[in-house]
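Now for the letters of each chain:
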Amino acid sequence: MITRARFLHTALALAASAALGPALAADAWPSKPIRLVVPYPPGGSSDIIARSIGQLISQELKQPVVIDNKPGANGNLGAELVARAQPDGYTWLLCDLGALAISPSIYTKLAFDPSKDLRGAAMLAYSPHMLVVHPSVQASNLQELVALSKKQDLNFAVTATGSAPHLAGVELARITGAKWVYVPYKGGVQSVQDTVAGQTQVLMNGMLATYPQVQSGKLKLLGISKESRMPLIADVPTLAEQGAKGFASGTWQGVVLPAKTPDAVVQRVNQALLAAIRTPDVRARLTGQGAEVVTMTPAQTDQFFNAERQRWRTVVQSANLQLD
């Protein structure tokens, strides 16, 4: 028979153990490989960054980091996979957080709620959108492209319907009066390839994945969607300078985790990510390709996401865009 005193002692010990459980779990984390989900095909901006920092994260956390490309539905398939994963810190999503913020506004049957089922871990980098055309297009600036679009059909390559580059194209057309036919793809890589091949004539896409084609002369750069010029290409005017007043857009690569991931684990993930992205070699490599290292705390990442969701909701509503 157990005495009352012994019963109380045991109960208190169990309660203390339960209270310490999350802290002890965080201290022991990580104890197995980490799955870094990129919800787009290989070769895009998010994939480039994931492969730039994957090994560094592995060294920092002393566990393998497995990069898992899960493309589909404008990144929503991979995002849902992470949203439904165990909140134990072993499944991460690295994607364009701006694009993820668009999904609740444009998809009527989204199987998850990014703002409720995911939480921010870190912002990593920003790559402005580049407005590029096939070299055969007879336009050397935004004004000439807009005028040309009113005289002949121009196919605008869309990295994915409802993506940030798609809505950037919609907003740019609204501001300038440009007219083009949107041709949807399943990812940025294919849209770039088809524009290089001349099957589409106009493209907006993240600089990190597009600039190499500009450097090689396979695409012609007309402007960047940034508030100020970039030192890397200081002679290239912004779209705002060319008449699209106030226009700015880009891809924001960051990492989110399942919503119920413990705070202590989220903070450790943030530390590992920032240590990797701030490495001089990684920073120099990304800067040379047109991406800026832009880091944020988990709370700042969530604030950014919510602001982007509000911003793009207005664009979606004005364009009357809805997808199942």
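Structure's up top.
Residues numbered from 1 in each chain as written. Predicted model: local features only at pLDDT ≥ 70, side-chain atom pairs only at ≥ 80, totals over all residues. Heavy atoms only, no water.

Undergrad: How should the packing of helix α7 (residues 164-176) against helix α12 (residues 298-319) be read in this particular structure?
TA: Two elements in contact, α7 and α12, have axes whose closest approach is 10 Å; the angle formed by their N-to-C orientations is 60 degrees. As judged from the angle between their axes, α7 and α12 are oblique. Crossing of α7 against α12: the hand is left-handed. Between α7 and α12, the contacting residues are A164, L167, A168, V170 and E171 on the first element and W312, V315, V316 and A319 on the second. Split into classes, the residues belonging to the contact of α7 with α12 amount to eight nonpolar, no polar and one charged. (Axes fitted to C-alpha atoms, helices over the stretch in contact; angles between N-to-C directions. Helix = DSSP H or I, 4+ residues; strand = E, 2+ residues; numbered from the N terminus. Parallel < 35°, antiparallel > 145°, perpendicular 65-115°, else oblique. Left-handed = near helix turned anticlockwise from the far one by under 90°. Contact = heavy atoms within 4.5 Å. Nonpolar A, V, L, I, M, F, W, Y, C, P; charged D, E, K, R; others polar.)

Undergrad: Explain the packing of aromatic side chains here, please?
TA: To describe a pair of aromatic rings, one takes the distance between the centres and the angle between the planes. Under the defined criterion, the tally for this structure stands at five aromatic pairs. With 4.9 Å between their ring centres and 50 degrees between their planes, W252 and F304 make a pair best called tilted. Of this pair, W252 sits in strand β9 (residues 250-258) while F304 is found in helix α12, placing the two residues 52 residues apart along the sequence. Grouping residues by exposure puts W252 and F304 together as buried. Three or more aromatic residues link up through ring pairs in this structure, and these residues are Y126, W252 and F304. (Phe/Tyr/Trp six-rings, centres within 6.5 Å; stacked < 30°, edge-to-face > 60°. Buried < 20%, exposed > 50% of the residue type's maximum accessible area, 1.4 Å probe, protein only.)

Undergrad: Looking at this structure, I do not really get the side chain of N69. What am I missing?
TA: Summarising the element assignment, N69 is placed in strand β2 (residues 65-69). Overall, the relative accessible area of 19% leaves N69 in the buried class. Among the polar contacts made by the side chain of N69, one reaches the side chain of D47 at a distance of 3.1 Å. (Polar contact = N/O pair within 3.5 Å; in protein donor to acceptor, adjacent residues only side chain to side chain.)

Undergrad: Looking at this structure, how should I read helix α2 (residues 45-61)?
TA: Each full turn of the α-helix corresponds to 3.6 residues, which orients residues three or four apart in the same direction. The terminal C-alpha atoms of α2, which comprises 17 residues, lie 24 Å apart, in line with the 24 Å expected from a rise of 1.5 Å per residue. At I53, α2 shows its largest kink, close to 40 degrees. The buried fraction of α2 is high, at twelve of 17 residues. S45, S46, D47, I48, I49, A50, S52, I53, G54, I57, S58 and L61 are the residues of α2 that are buried. Positive backbone phi, approximately 60 degrees, marks K62, located one or two places after α2. (Expected span 1.5 Å × (residues − 1). Bend = angle between axes of the 7 residues up to and from the residue.)

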